[in-house]
Amino acid sequence: MKPLAVASLRLLLLLLPVTSPVYAQFSGSVQGTVQDTSNAFVAKAAVTLTNSDTNVVQQATTDTSGVYRFVSLAPGPYVLSASATGFSPAQVSFILTTA
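Summarised in this report is the structure supplied together with it.

About the thresholds
Residues numbered from 1 in each chain as written. Predicted model: local features only at pLDDT ≥ 70, side-chain atom pairs only at ≥ 80, totals over all residues. Heavy atoms only, no water. Pairing = 2+ DSSP bridges. Helix = DSSP H or I, 4+ residues; strand = E, 2+ residues; numbered from the N terminus. Buried < 20%, exposed > 50% of the residue type's maximum accessible area, 1.4 Å probe, protein only. Polar contact = N/O pair within 3.5 Å; in protein donor to acceptor, adjacent residues only side chain to side chain. Axes fitted to C-alpha atoms, helices over the stretch in contact; angles between N-to-C directions.

So, the pairing of strand 3 (residues 46-51)
At step 1: Strand direction decides the pairing type here: strand 3 and strand 4 (residues 57-61), joined by five bridges, are antiparallel. Each residue of the ladder has a partner; that of threonine 48, found in strand 4, is glutamine 59.
At step 2: Where strand 3 folds back on strand 4, the antiparallel hairpin that results is connected by five residues, among which asparagine 55 adopts a positive phi of roughly 60°.
At step 3: Pairing between strand 3 and strand 6 (residues 76-83): six bridges, direction antiparallel.

And the structure:
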């Protein structure tokens, strides 16, 4: 495993859009894992999800398996970032759509 100081975080996203046809409300979820460059899970990483249109920010902390989850999300553009002590921060942009 590479030393923590030089390893960077890698975000693996599993985008799970969920739609609800009742009352034309839309809801989606984003979940994934934070791993280092050797594919080891990073526990207690700070994960931030920002809606680029509304600037609404949500925060989560990864569990012992490196898993994070955000629920009840509106469709739209988002920026997901992760950071942990001893690692370089990582960021990814994506658009959450409905099925």
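Here we look at the side chain of glutamine 35
At step 1: Inspection of the secondary structure assignment puts glutamine 35 in strand 2 (residues 26-35).
At step 2: Exposure remark for glutamine 35: the relative accessible area of 8% places this residue in the buried category.
At step 3: Of the polar contacts made by the side chain of glutamine 35, one reaches the backbone oxygen of asparagine 39; its length is 3.5 Å.

Structural notes on unusual backbone geometry
At step 1: The backbone phi angle of asparagine 39 is positive, close to 70°, even though this residue is not glycine.
At step 2: The residue asparagine 39 is located in the loop between strand 2 and strand 3 in this model.
At step 3: Here asparagine 39 falls in the partly exposed class, since its relative accessible area comes to 43%.
At step 4: A positive phi is found at lysine 44, a non-glycine position, where the angle reads about 60°.
At step 5: Its place among the elements puts lysine 44 in the loop between strand 2 and strand 3.

A short note on the sheet that holds strand 3
At step 1: Reading across from one edge, 4-3-6-7 is the order of the four strands in this open sheet, with antiparallel pairing throughout. Edge strands, defined here as strands with exactly one partner in the open sheet, are strand 4 and strand 7 (90-96). Across the sheet, the mean angle separating the axes of adjacent strands is 20° when strand polarity is ignored.
At step 2: Here strand 6 pairs with strand 7 via seven bridges, running antiparallel. Its bridge partner being in strand 7, glycine 76 is matched across the sheet by leucine 96.

Honestly, that's just the spatial picture; any functional story needs more than this.
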